[in-house]
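# Observations on chain architecture
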Amino acid sequence: INILIKLIIEYKISSSESIFEKIVYKLNGLIRTYLTKVSYYYKDDFKQELLIGIYKAVKAFRINDDLIPKDDVCNLCSNRFVINFNNKYGNEFFTAALLDDQIMTDFINELILFCNENQFIRYITKTFDNTYIEHLRKNCLEINNMVISFDFETIVMENTFNDITN
């Protein structure tokens with residue numbers, strides 16, 4: 001459960017390349033989704049920009065432990081984070097947590113990780129969106145600055161044919 005955020009926490013502690021590679025592997029589906037948006041010629045450069053975005057996002061992301069009140073167990077049943085957690089992982093963990101205080105502590109900890117992982121996914125998606133927009137801006141400027149040569153005779157001939165058909 002919550003493997004991505006656990007990897008991020010581990011990377012923040014150790015800065016290990018192998019852990020960063022695991023983070024990238026976990027985000028590979030999202031990376032591929034964004035790579036389909038760019039033309040073939042730009043895929044390698046764009047992938048590097050996405051990887052830089054992941055690195056910056058992991059470095060900047062802060063784990064928030066205050067998302068769930070730990071002493072307010074009564075309101076957990078109606079909490080939207082708990083509902084989303086149960087929808088994703090099933091109700092068994094939550095049901096067992098209601099019966100045992102130690103399991104409740106474990107559940108709250110996993111729930112906090114779940115909430116942080118969801119926030120990180122939203123954060124990295126926003127980062128990828130901004131990277132994609134910047135990529136489009138940069139490449140549109142390149143395209144707009146390219147010199148396009150027109151064959152003047154061809155243009156004249158097209159106009160001539162249009163005049164004849166009218």
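For the structure, see preceding data.
Every chain is numbered on its own, with residues counted from 1 as its sequence reads. pLDDT decides what is reported in this predicted model: residues at 70 or higher carry local features, side-chain atom pairs at 80 or more are listed and counted, and totals for whole chains, interfaces and linings draw on all residues regardless. Remark: hydrogens and water are excluded; side-chain values derive from all non-hydrogen atoms of the structure.

## A word on the overall build of the protein
For clarity, the cut-off: Here a helix means four or more residues in a row that DSSP labels H or I, a strand means two or more in a row labelled E, and each is numbered from the N terminus. Categorising residues by exposure relies on relative accessible area from a 1.4 Å probe, with only protein chains included: less than 20% of the type maximum marks a residue as buried, more than 50% marks it as exposed, and the intermediate range marks it as partly exposed. Contacts are residue-level and defined by heavy atoms, with any inter-residue pair within 4.5 Å sufficient. Methods summary: accessible areas were calculated by the Shrake-Rupley approach with a probe of 1.4 Å, and residue burial reflects only the protein chains presented.
When helices and strands are tallied, the protein shows eight helices and zero strands. Element order for the protein, N to C, with α for helix and β for strand: α-α-α-α-α-α-α-α. For the protein, the proportion of its 166 residues judged to be buried stands at 31%. Relative to all contacts within the protein whose residues are 6 or more apart in sequence, the contacts with residues 24 or more apart total 69%. When the accessible surface of the protein is totalled, it reaches about 11,400 Å², and 55% of it is carbon and sulfur.

## A look at unusual backbone geometry
If you check the backbone angles, S15 has positive phi at about 55° while not being a glycine. Checked against the element boundaries, S15 lands in the loop between α1 (3–14) and α2 (17–26).

## Re the side chain of T131
Our working definition: N or O atoms within 3.5 Å of each other form a polar contact, as long as, within protein, one can give a hydrogen and the other can take it, and as long as residues adjacent in sequence are counted only when both atoms are side-chain atoms.
By the secondary structure assignment, T131 is in helix α7 (residues 101–145). Residue T131 is classed as buried on the basis of its relative accessible area, which comes to 13%. A distance of 2.8 Å separates a polar atom in the side chain of T131 from the backbone oxygen of T127.

## Observations concerning α1
Our working rule: Helix span, expected: 1.5 Å multiplied by one less than the number of residues in the helix. The directions from the helix axis to the C-beta atoms are what the arc is built from.
Under the 1.5 Å per step criterion, the end-to-end length of α1 is 16 Å for 12 residues, consistent within 8% with the ideal 16 Å. Turning to α1, its buried residues are L4, I5, L7, I8 and Y11. Angularly, the buried residues of α1 cover 155° about the axis, an arc narrow enough to put them on a single face. Count one or two residues on from α1 and you reach S15, which has phi positive near 55°.

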